[in-house]
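# Fold and geometry: a report
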Amino acid sequence: MTELFPHFQVIVVSGLHDSGPDHWQSRWQRLHPEFVRVRQDDFGQPDLAAWAARLDRQRRADPRPALLVAHSFGCLTAVHSIARNSEGVAGVLLVGPADPDKFGVAERLPALPLDCPSILISSANDPWMSAPHAALWARRWGSELIEQGRLGHINAESGLGDWPAGQQYLQRLAELAHNRSLAFSP
């Protein structure tokens, strides 16, 4: 993945309780040790502003454009961070986002397209975000919507292993970001 786009940093943005060892995010990090993960002070207490600030610091730690790989509340964190300042974000993969209404943060998230390529992957039976709400937020954020069928919350319990299909979506995002950077370069 990143071998084709070495000028990107890949930042893993996990959700509540971080992603355990069997979660696809953790498995991807083992496959690609160059991926970095945002470490929150308290993964048990979702705090949109604090989590986004931590992501902002991680983004600034490396001068390369960032591809964000977010899951659950991490998707809300990523979107909030991008809405505040999109500089340096080449693209974002939003997998199984948590419903902002469940956390009372919907009004703090943008209702306009993000200023970078984005892909939102949803599941028909996700307990944290209904398929219609996922489609609504994908439209608001200008994200390509990919419905993955019935995969629950698209986490370790979904039995995805290394989730090759997700890795292909990340590859596609990297290609979109790369092509966009070529289009804007002099």
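Let us look at the structure shown here. Treat the numbers as computed from the prediction; the structure is a model and nothing was measured. Think of each chain on its own: its residues are numbered from 1, step by step along the sequence as written. Side-chain atom pairs in this predicted model are given and counted only at pLDDT of 80 or more, local residue features only at pLDDT of at least 70, and totals for whole chains, interfaces and linings cover all residues. Side-chain descriptors were evaluated using all non-hydrogen atoms of the structure, hydrogens and water having been removed beforehand.

## Points about helix α3 (residues 73-84)
Given 3.6 residues to a turn, an α-helix orients residues that are three or four positions apart in the same direction. A run of H or I in DSSP becomes a helix once it reaches four residues, and a run of E becomes a strand once it reaches two; helices and strands are each numbered from the N terminus. A helix's residues, less one, multiplied by 1.5 Å, set its expected span. Its twelve residues give α3 an end-to-end C-alpha distance of 17 Å, which sits within 8% of 16 Å, the value for a rise of 1.5 Å per residue. Where burial is concerned, most of α3 is hidden: ten out of the twelve residues are buried. Note on contacts: a residue pair qualifies if any of its non-hydrogen atoms lie within 4.5 Å across the two residues. Structurally, α3 contributes buried residues whose contacts are with β1 (9-13), α2 (48-60), β3 (66-72), β4 (89-97), α4 (100-103) and α5 (131-141). In this scheme, a residue with accessible area under 20% of its type's maximum is buried, one over 50% is exposed, and one in between is partly exposed, where area comes from a 1.4 Å probe on protein chains only.

## As for the pairing of strand β5 (residues 118-122)
For β5, a buried count of five out of five residues is recorded, marking the element as mostly surrounded by other parts of the structure. Where burial is concerned, the two faces of β5 agree: the one with S118, L120 and S122 and the one with I119 and I121 are both buried. By the convention used here, strands pair only if DSSP detects at least 2 bridges between them. Here β4 pairs with β5 via four bridges, running parallel. Looking at the pairing, V92 lines up with S118 of β5. Where β5 meets strand β6 (residues 144-147), four bridges bridge the pair, whose relative direction is parallel. Within β6, the residue paired with L120 across the bridge is L145. Handedness of the crossover joining β5 and β6 through α5: right-handed. A clockwise course of the path from the first strand over the helix to the second, judged with the strands pointing away from the viewer, identifies a crossover as right-handed.

## A closer look at the packing of aromatic side chains
Stacked, tilted and edge-to-face pairs are distinguished by plane angle, under 30 degrees for stacked and over 60 for edge-to-face with tilted covering the rest, among Phe, Tyr and Trp rings (Trp via its six-membered ring) whose centres lie within 6.5 Å. Summed over all chains, the structure comprises eight aromatic pairs. Consider the rings of W28 and W163, whose centres lie 6.0 Å apart with planes at 15°: the pair is stacked. Highlighted residues: W28 in helix α1 (residues 24-31) and W163 in the loop between β6 and α6 (164-184), separated in sequence by 135 residues. Taken individually, W28 and W163 each receive the classification buried, so the pair is uniform in this respect. Of the aromatic side chains, those joined through ring pairs into one cluster are F43, W51, F73, F103 and W128. The positively charged end of R140 is found above the aromatic ring belonging to W137, 4.5 Å away from the centroid. A ring is scored as having a charge over it whenever the NZ atom of a lysine or the CZ atom of an arginine sits within 6 Å of its centre and within 35 degrees of its normal.

## Describing the environment of F8
Structurally, F8 is set in the segment before β1. Distance from F8 to R180, taken between C-alpha atoms, is 13 Å for residues 172 residues apart in sequence. The residues contacting F8, other than those within four sequence positions of it, are R64, P65, L67, A90, A174, A177 and H178.

## Notes on the packing of α2 against α3
Here an axis means a line fitted to C-alpha atoms, over the contact stretch when the element is a helix, while the angle between two N-to-C directions is reported on a 0 to 180 degree scale. At a minimum axis separation of 8 Å, α2 and α3 run at an interaxial angle of 70°. Judged by the inter-axis angle, α2 sits roughly perpendicular to α3. As α2 packs across α3, the resulting crossing turns out to be right-handed. Contact residues: α2 offers L48, A49, W51, A52, A53, L55, D56 and R59, while α3 offers F73, L76, T77, A78, H80, S81, I82 and R84. Roughly parallel means an angle under 35 degrees; roughly antiparallel, over 145; roughly perpendicular, 65 to 115; everything else is oblique. Crossing chirality is assigned from the near helix's rotation relative to the far helix, an anticlockwise turn below a right angle marking it left-handed and a clockwise turn marking it right-handed.

## Here's the deal with the nonpolar core
Side-chain atoms within 4.5 Å are what join buried Ala, Val, Leu, Ile, Met, Phe, Trp, Tyr and Cys residues into a set we call a nonpolar core. Counting 31 residues, the largest nonpolar core has L68, L76, V92, L94, L109 and W141 as the members making the most contacts within it. For this core, the secondary structure elements donating two or more residues are β1, α2, β3, α3, β4 and α5. Top element by residues in this core is α3. It accounts for six residues. Those residues in contact with L94 that sit more than four places away from it in its chain are A70, C75, V79, I119, L120, I121, W141 and S143.

## Some words on the sheet that holds β4
Taken together, six strands build an open sheet; the order of strands is β2-β1-β3-β4-β5-β6 and the sheet is parallel. In this open sheet, the two strands that pair with only one neighbour each are β2 (36-37) and β6. Pairing between β1 and β3: five bridges, direction parallel. The partner of I11 across the bridge, within β3, is L68. Sitting on the sheet, α3 is in contact with β1, β3 and β4, with an inclination near 140° to β3. Seen against the sheet, α5 touches β4, β5 and β6 and runs at an angle of roughly 180° to β5.

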